[in-house]
Amino acid sequence: MISIIYADDKVGLLRLGKQILEQNDEFSVDTCTTIQESLEKIIHHTYDVIITGFSKPGIDGIDLLRAVRERSSIPFIFLKSPDNREDLLEIFRSNADIFPWKEGDEESLFLILALKIRQLVQRNQPEISVSGLKSEVETLRHRGAMLRILNEIISEVNNAQTISDLLEKVLDKSIRLLNFDAGGIYFVDTNSRTAHIVHSQNLPSGFIAEVDDVSIDKEPYKTMFVRNQPLFIENYARVSPERSQKYGLCSIATLPLIAEGKAIGVLNIASMRRYLISDEEKETLILISRELGSAIERLFAEEEKIKGAQNIRTLFHSIDDIVFVIDLKGDIIAMNTAAEQRLSYAKQELIGRSILDILAPEKREEALGLYQKLVDGTEKDNSIPIIAKDGTRIEVDTKVSRGTWDGQDVLIGVSRDVTDRRRFEDALQKSERRLSEAQHLAKTGSWELDIPANRLSWSDVIFEIFELDPLQFGATYEAFLNAIHPDDRKAVDEAYSVSVREKTPYQIEHRLLMPDGRIKFVLERCETKYDSSGKPLSSLGTVQDITEQKIAELSLKEKDLRYREIFEGNFDGFVMVDLAGRVLDANQAYCSIVGYTLEELKALDSFYVITAEKWRTWEQEEIWKKRLFFHGYSGLFEKEYIRKNGEIFPVELQAYASYSIDGTLQFLWAVVRDITERKQAEEERESLISTIQKSNADLNVTYEQLLQTEQELKNQNAALTLSRESFRETNEYLENLIAYANVPIIIWDPSFHIKRVNRSFELLIGRPAEELIGQSIRILFPSDTADRTMRLLQTTLDGVRWETTEIDIMRKDGAIRTLLWNSATLYTPDGQTPLATIAQGYDVTEKNRLEREKESALEQIQNNLAILAILNDEIRNPLAIIMATASMLDDTDTADIIDNEVHRIDQLVTQLDQRWLQSEKVLNMIRKHYNPKLCLQLGNKFSLSFFSSSRTFLGTSVTWSNPS
């Protein structure tokens, strides 16, 4: 079991990490929240790995690392890279590791961290066998392949524009690059708590039918969808023998797709050929699922953003009020449909123009001063009228807010047409003034308050209005307030107090609450008198019972408001005409449709003036006489209107007859809708159908061409595959030829740096390739010949090819070897720029040594022959003296013996002369044909034989050896 100490200042993360790491009984985790606590545990316990996530100021884990490194080299992992560069360098110098922590998917990160811990513990083992080293190298290669796969998939993720495109590409890449066979992607339906396959590849249809609709609250799906943990099933037959045999599944990897901390789906890939999934593949799949989850979250957000923008545009154009979007210079950059209709301006007529151009001329200077306040946000509302294209003055209440439009700071103004309301308000104000005057003269009920004495006196009419007994009334101001409706007392008291304080009359309407619960409405006026010092003396007032008037007024306002809301709030046009066809009333939508104001419509002789001529007779006979006058309803029909500007356009109508209580036909009314866009859409649809039919024919032709092109591409791809295989085989052959050649081979670049040597060269020089690659080739030559040799190498860049060039090479042990080189220079395709020089050598060190020994031996032989020739003469001369001396002896027997021996010696010397002549011939032949070994052996043998013979001759007996 691997022992871990995990130190962090985030308690929640500590608990989660301990829980996940210990769940498979592979790790034992001790946790601590301070550096001091960590050091105490490290001193008293032995751990395999230290993990720290300290990130608070002064608690960054560097101090802990320093303290640990004073005691041991235990693997040390930081969960956060320090901001300080010096701290980062210290981490690297201390042989610590940094794990890239990313907030939001802690469970997956702890699973990947577990893989990292295993690798560090394995790396920290004291001894590594050769097989273990090879395994480590293979693991690194595998991890490198996994990283390349991950980078390729991340590239697809980042380039995806739609969810479907993303799912298709990532699933295909994951299956193909990771050597799996099939897969699918689930999305979660949070409402039903189920998950469904939204995309699959190569999965058997029967398998999809079985697992398409699954509950995320049941195992094993709960592990992925609820706990957000990956599930790797190796040897699927043990888990589900029936499905494994039925669908050929060997192993399955299922990984949650996390967005905002929750699983929105899973990535599921399967193999039908292998049972095991490596740790590197698991780690790669976890990272792929994280990237895929983030990308799905991003694309969902982008789609929602696009939908939101579309909804805003739709809402913008569906608002019945006039809406303008204005840049901070005051120019119009957008307007809604209602603005076009109400003002009779086309959009292109106003876009880019100043908003001042459509405001009432006498108000433009005021608007200019107001505009900066609107920009600053100190003002939001105004009531500056708007002038329509036909000159109509539209009274509006405008609310302005600061916002953005297509990324630009703007003002958005919403103007509500209050023209009719203003007319009503003006009329009401006039009526109220007349009524006020009449009430002031009438003095319906009067009262007086003696302010210093707080004594109130009422007229009899007021007692009747208040329905109080004069004898029981307290006749004080407080008693008066108690008689008022509780909800109105504060307002009445405040109105009176303000009037007294500011010395102004006041008028107020308020309610009276009767004992039986009835409500009365009264209108009260008051004036206060003051003494010369301004002190209030008395207040005089009147009270009028306006209950019936108020009820009628409220009822009338409610009905009128309800009618106007329905009438004016409809998107369709409403129009009322009398039996002669004259317009009685119309809503704003109808006015916008025909381009007339209501006053202009009422001034027309008949609505037939705005009906296209070809429809007038038909409408009168068919619609009025046959339908309206007979049935009271026209049904839905179409005709054409004429706008004020003369434009003829189609409309759709429904007309109704309105009767009085006694059955008399009073007027007609109709609902009108402009169907110009619908007609245009129908025409465009017909045109589009025709275009599509033609395009389909063109596409069929193109499809046939594409089929032919596809077959050509397949043929070209097959040829390319054969070429690649041939190139691979050729490359392998050349690589093996260089690697296994039994002669030394070296390659250097134009800057004379060694690029490659083969095994024979390594043996020759006594150094491994790792020591030579990248070094200057000069290091190979003895210092006394290096300059000359480098000048010789320079000639290879000029195209010189060595055939038999001898160069001395210095081995690592200092020994000098002489090599006979031949070389060739490789060039770029332009034939001008050298790429590298390749040279192979033949070690002639032994050959040269034998050559030198040969020359020495030949020279020795020559000397021996010369000595032999001299020796022959020196032998014959004493022999002649001996023979002369013997002839003078008296002892003839002795003389004969000497004479015989002298003759025998002379014969021997003659034989030596003959041998000398033969040796000269042999020596010449050796020099001509050059056999170093033979020369050396012959020379040594001849020399030894000669000196042996000479020594014997000087002794008491003579023994000759044959030099041949």
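Each value, and the rule that gives it
In every chain, residue numbers begin from 1 and rise along the written sequence. Reporting of local features is limited, given that this is a predicted model, to residues whose pLDDT is at least 70; pairs of side-chain atoms are given and counted only at 80 or more, and all residues count toward the totals for whole chains, interfaces and linings. Processing note: side-chain calculations cover all non-hydrogen atoms of the structure and skip hydrogens and water entirely. To obtain each axis, a line is fitted to C-alpha atoms, and for helices this fit is confined to the stretch in contact; angles are then taken between N-to-C directions over 0 to 180 degrees. Helix and strand definitions here come from DSSP, where helices need a minimum of 4 consecutive H or I residues and strands a minimum of 2 consecutive E residues; each element is numbered from the N-terminal end. Note on terminology: angles under 35 degrees are roughly parallel, angles over 145 are roughly antiparallel, angles of 65 to 115 are roughly perpendicular, and the others are oblique. By the definition used in this description, the sense in which the near helix is turned from the far one sets the handedness, with an anticlockwise turn below a right angle giving left-handed and a clockwise turn giving right-handed. Contacts: residue pairs with any heavy atoms within 4.5 Å of one another. When residues are sorted by character, Ala, Val, Leu, Ile, Met, Phe, Trp, Tyr, Cys and Pro go into the nonpolar class, Asp, Glu, Lys and Arg into the charged class, and all the rest, Gly among them, into the polar class. Two strands form a pair only when DSSP identifies at least two bridges running between them. The pLDDT score gives, residue by residue, the confidence of the prediction method on a 0 to 100 scale. Only buried residues count toward a nonpolar core, which is a set of Ala, Val, Leu, Ile, Met, Phe, Trp, Tyr and Cys residues joined through side-chain atoms within 4.5 Å. Only protein chains enter the accessibility calculation, which uses a 1.4 Å probe; a residue is then buried when its area is under 20% of its type maximum, exposed when over 50%, and partly exposed in between. An expected span of 1.5 Å times one less than the residue number is assigned to each helix. Taken from the helix axis, the directions to the C-beta atoms give the arc we talk about.

1. Structural notes on the packing of helix α3 (residues 62-69) against helix α4 (residues 85-93)
Move 1: At a closest axis distance of 11 Å, the pairing of α3 and α4 adopts a crossing angle of 30 degrees. In this view, α3 runs roughly parallel relative to α4, as classed from their interaxial angle. As α3 runs across α4, the sense of the crossing is left-handed. In this structure, α3 contributes Ile62, Leu65 and Arg66 to the contact, and α4 contributes Asp87, Glu90 and Ile91.
Move 2: Among the residues making up the contact of α3 with α4, the classes are represented as three nonpolar, no polar and three charged.

2. As for the pairing of strand β23 (residues 536-545)
Move 1: Examined bridge by bridge, strand β19 (residues 446-450) and β23 share five bridges and lie antiparallel to one another. Within β23, the residue paired with aspartate 450 across the bridge is serine 538.
Move 2: Strand direction decides the pairing type here: strand β22 (residues 519-530) and β23, joined by nine bridges, are antiparallel. Considered in β23, the bridge of leucine 523 is made with glutamine 544.
Move 3: In this structure, the hairpin formed by β22 and β23 is closed by a connection of five residues, where glycine 534 is found at a positive phi of approximately 90 degrees.

3. Looking at the confidence of the model for the protein chain
Move 1: Per-chain confidence: the protein chain averages 81 in pLDDT, with 89% of residues scoring 70 or above.
Move 2: When the criterion is pLDDT under 50, residues 932-964 qualifies, and its contacts beyond four places in sequence or with other chains add up to 39 contacts.

4. Section: the sheet that holds strand β13 (residues 332-335)
Move 1: Taken in spatial order, the five strands make up an open sheet running β13-β12-β18-β17-β14, and their pairing is antiparallel. Across the chains shown, the open sheet's two edge strands, defined by having one partner strand only, are β13 and β14 (381-382).
Move 2: As paired elements, strand β12 (residues 322-327) and β13 share three bridges and run antiparallel to each other. Across the sheet, residue phenylalanine 324 finds its bridge partner in β13, namely methionine 335.

5. Section: the nonpolar core
Move 1: In terms of nonpolar packing, the biggest core is built from 50 residues, with Ile51, Ile77, Ile117 and Leu166 touching the most fellow members.
Move 2: Here the element with the most residues in this core is helix α5 (residues 106-123); it accounts for eight residues.
Move 3: When near neighbours in sequence (up to four residues on either side) are disregarded, isoleucine 51 contacts Ile4, Ile5, Tyr6, Ala7, Ile77, Leu79, Leu113 and Ile117.

6. Observations regarding the sheet that holds strand β32 (residues 816-827)
Two strands in a sheet stick together by hydrogen bonds in their backbones, pointing the same way (parallel) or opposite ways (antiparallel).
Move 1: An order of β30-β29-β33-β32-β31 is seen for the five strands of this open sheet, with the pairing classed as antiparallel. Of all strands in the sheet, those with a lone pairing partner are β30 (754-757) and β31 (805-810), marking the two edges. Across this sheet, the average inter-strand angle for adjacent strands is 35 degrees, counted without regard to direction.
Move 2: The sheet contact formed by β32 and strand β33 (residues 834-843) spans nine bridges and is antiparallel. Considered in β33, the bridge of threonine 825 is made with threonine 837.

7. Observations regarding the pairing of strand β11 (residues 262-271)
Move 1: Counting buried residues along β11, eight of its 10 residues qualify, which places the element largely inside the surrounding structure.
Move 2: In this sheet, β11 lies alongside strand β6 (residues 182-189) in antiparallel orientation, the contact comprising six bridges. Note that in β11 the partner of glycine 183 across the bridge is isoleucine 269.
Move 3: Where strand β10 (residues 251-259) lies against β11, nine bridges are found, and the strand directions are antiparallel. Within β11, the residue paired with leucine 257 across the bridge is glycine 265.

8. Things to note about helix α19 (residues 489-502)
Move 1: In this model α19 runs 20 Å from its N-terminal to its C-terminal C-alpha over 14 residues, within 8% of the 20 Å that 1.5 Å per residue would give.
Move 2: Taken together, the buried positions of α19 are occupied by Val492, Tyr496, Ser499 and Val500. Down the axis, α19 shows its buried residues gathered within 95 degrees of arc, on one side only. Within α19, the exposed residues directed more than 90 degrees away from the buried face are Lys490, Arg501 and Glu502.
Move 3: Remark: lysine 503 follows α19 within two positions and exhibits a positive phi of approximately 60 degrees.

9. Some details on the environment of alanine 769
Move 1: Considering the arrangement of structural elements, one finds alanine 769 in helix α26 (residues 769-772).
Move 2: Given a relative accessible area of 15%, alanine 769 falls into the buried group.
Move 3: When the C-alpha atoms of alanine 769 and isoleucine 754 are compared, they prove to be 9.5 Å apart, with 15 residues separating the residues in sequence.
Move 4: Every residue in contact with alanine 769, bar those within four places of it in the chain, is listed here: Val757 and Glu762.

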